[in-house]
Amino acid sequence: MFKWVPHKEQYICERRLKKVMKRLKIEVYNYNWDRSSCFIEFQHQENKYRMEHSLQRAKEKGLVMLRNGLDCLNELIKSLEHLCEIVDRGTYKLDTWIASMKLPSPVEETPEYMEEVQIRYKSSGKQPRSQYHRDEELDYARDSSLGDLEKSEVIPRYRSE
């Protein structure tokens with residue numbers, strides 16, 4: 001009889017999200033939540049936006065009444081509902097409020113400085129060993145016995161000082 005009760009809150013949350021997205025005239029959106037966070041991604045006028053919330057952020061602000069990611073999602077939906085009221089009143093346009101949520105667009109071209117780094121630091125084959133590695137081999141050779149030295153692949157090199 002009570003199997004539907006835990007999922008009722010989820011169903012109500014999803015229904016509220018659909019309504020608010022319809023009011024904002026947003027057709028393409030994605031959302032998800034886990035035990036401690038949530039996000040809503042949506043597309044508006046060929047730009048992608050993302051809203052995020054988490055229990056950690058709520059604790060930092062002093063809001064300890066949130067239990068899980070679904071509660072965080074409910075808070076995001078409340079924010080979107082308030083945003084709908086502002087837009088419906090004609091106070092501001094939607095674009096003004098969501099400008100800070102804009103996701104960076106993927107860049108297909110490699111920036112000029114990255115090409116320079118790749119050319120400048122291209123590997124030119126086997127490199128000589130540094131002084132640090134030579135000192136380690138000497139320490140190893142001094143610490144090992146003569147029998148171990150003959151069996152090992154390390155060739156001892158001695159510095160002339």
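What counts and what doesn't
- Residues numbered from 1 in each chain as written.
- Predicted model: local features only at pLDDT ≥ 70, side-chain atom pairs only at ≥ 80, totals over all residues.
- Heavy atoms only, no water.
- Pairing = 2+ DSSP bridges.
- Helix = DSSP H or I, 4+ residues; strand = E, 2+ residues; numbered from the N terminus.
- Axes fitted to C-alpha atoms, helices over the stretch in contact; angles between N-to-C directions.
- Contact = heavy atoms within 4.5 Å.
- pLDDT = per-residue confidence, 0-100.
- Expected span 1.5 Å × (residues − 1).
- Buried < 20%, exposed > 50% of the residue type's maximum accessible area, 1.4 Å probe, protein only.
- Polar contact = N/O pair within 3.5 Å; in protein donor to acceptor, adjacent residues only side chain to side chain.
- Phe/Tyr/Trp six-rings, centres within 6.5 Å; stacked < 30°, edge-to-face > 60°.
- Lys NZ or Arg CZ within 6 Å of the ring centre and 35° of its normal.

1. Digging into the sheet that holds strand β3 (residues 47–54)
Read from one edge to the other, the open sheet built from three strands follows the order β1-β2-β3, with strand pairing classed as antiparallel. The sheet is open, and its two borders are formed by β1 (28–33) and β3, each paired with just one other strand. The average angle at which neighbouring strand axes cross in this sheet is 10°, direction not considered. Pairing of β1 with strand β2 (residues 37–44) involves six bridges; the strand directions are antiparallel. Following the sheet pairing, N32 is matched in β2 by F39. Against the sheet, helix α3 (residues 69–89) makes contact with β1, β2 and β3, and its axis sits at roughly 35° relative to β2, the strand it touches most.

2. Considering the confidence of the model for the chain
When pLDDT is averaged along the chain, the result is 76; 60% of the residues meet or exceed 70. Across the chain, the element-wise mean pLDDT spans from 53 in helix α7 (residues 146–151) up to 93 in β1.

3. What about the pairing of β3?
Note that β2 and β3 share eight bridges and pair antiparallel. Within the sheet, the bridge partner assigned to Q43 lies in β3 and is K48. Hairpin connection of β2 to β3: two residues between the antiparallel strands, including Q45 at a positive phi of 50°.

4. Quick look at α3
Its 21 residues place the ends of α3 30 Å apart at the C-alpha level, agreeing with the 30 Å of an ideal helix rising 1.5 Å per residue. Three or more residues of α3 are buried, namely G69, L70, D71, C72, L73, N74, L76, I77, L80, L83, C84 and I86. Taking the backbone nitrogen of L70 as reference, a side-chain oxygen 3.1 Å away marks N68 as the first, capping residue of α3. Looking one or two places after α3, you find G90, whose phi comes out positive at around 85°.

5. A look at the packing of aromatic side chains
The description of two aromatic rings rests on the distance between their centres and on the angle between their planes. Taken as a whole and judged by the stated rule, the model has three aromatic pairs. Ring centres of Y29 and Y31 lie 6.4 Å apart, and the angle between their planes is 25°; on these two criteria the pair is classed as stacked. On the basis of relative accessibility, which here comes to 27%, the residue Y29 falls in the partly exposed class. Relative to W33, the ring of Y31 has its centre 6.4 Å away and its plane inclined at 10°; by these criteria the two rings are stacked. Look at Y31 and you get partly exposed, because its relative accessible area is 24%. Looking at W33, the relative accessible area reads 23%, which means it is partly exposed. Aromatic rings pair up to connect Y29, Y31 and W33 into one cluster. Over the face of the ring belonging to F39 we find R50, whose NZ or CZ atom lies 4.2 Å from the ring centre.

6. Regarding unusual backbone geometry
Backbone geometry places K25, a non-glycine residue, at a positive phi of 60°. Its location among the elements puts K25 in the loop between α1 (5–23) and β1. Residue classification places K25 among the exposed residues on the basis of a relative accessible area of 72%. The backbone phi angle of Q45 is positive, close to 50°, even though this residue is not glycine. Mapped onto the fold, Q45 is located in the loop between β2 and β3.

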